[in-house]
Amino acid sequence: MSEAGDTPSKRYGSVIGLKPEKYQEYKALHAAVWPRVLDRLTKSNIRNYTIYYDSINHMLFSHLEYIGSDFDKDMAAIADDPITKQWWAVCEPCQEPLKWSGPPPSQGGGGQGNTWWTPMEELFHDNHSAMKFL
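Being a predicted model, the structure only gives us computed values, none of them experimental.

What counts and how
- Residues numbered from 1 in each chain as written.
- Predicted model: local features only at pLDDT ≥ 70, side-chain atom pairs only at ≥ 80, totals over all residues.
- Heavy atoms only, no water.
- Phe/Tyr/Trp six-rings, centres within 6.5 Å; stacked < 30°, edge-to-face > 60°.
- Helix = DSSP H or I, 4+ residues; strand = E, 2+ residues; numbered from the N terminus.
- Buried < 20%, exposed > 50% of the residue type's maximum accessible area, 1.4 Å probe, protein only.
- Lys NZ or Arg CZ within 6 Å of the ring centre and 35° of its normal.
- Core = buried A, V, L, I, M, F, W, Y, C linked by side-chain atoms within 4.5 Å.

## Side note on the packing of aromatic side chains
In this description, a pair of aromatic rings is defined by centroid distance and the angle of the planes.
So, point 1. Overall, the coordinates contain six aromatic pairs when judged by the stated rule.
So, point 2. With a centroid separation of 4.4 Å and an interplanar angle of 10°, the aromatic rings of Y12 and F71 are classed as stacked. One end of the pair, Y12, is in strand 1 (residues 10-18); the other, F71, is in helix 3 (residues 71-80), with 59 residues separating them in the sequence.
So, point 3. Judged by its relative accessible area of 24%, Y12 is partly exposed.
So, point 4. Grouping aromatic residues by their ring pairs yields a cluster made of Y12, Y66 and F71.
So, point 5. Above the face of the Y12 ring, K10 is positioned so that its terminal group lies 5.1 Å from the ring centre.

## Regarding the nonpolar core
So, point 1. In terms of nonpolar packing, the biggest core is built from 12 residues, these being I16, L18, Y26, L29, V37, L60, I83, W87, C91, C94, W116 and W117.
So, point 2. At the level of elements, strand 1, helix 1 (23-30) and helix 4 (82-91) are the ones that each hand at least two residues to this core.

Below you can see the structure in the form of structure tokens.
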């Protein structure tokens, strides 16, 4: 449920390539994510945002939980945030999107079927909250 207790959270997963030579740089960046980027994610109702790395296929997998009621509006607020755009500009050279053409998101690219991080379909969840086990 959301912090207000009235909206169930929705889980999202996505995937993108990581240039092997950029692994250390990307890892260092995410060991010190800019506080204003994290603040924007929180204000846009993102919780439990996690990124995993597959070293065999050089892929990143992200997972997040959304607790808001207007996903498109909250994602637009992230995309319009100047600090987030600066963060993306630093991270984008490390990444290899699976399906993309045109300028990167930090430069306003997107739309027309483009996805920087490719969305994944959730196939299973055990419906247990981590909070139930405390």
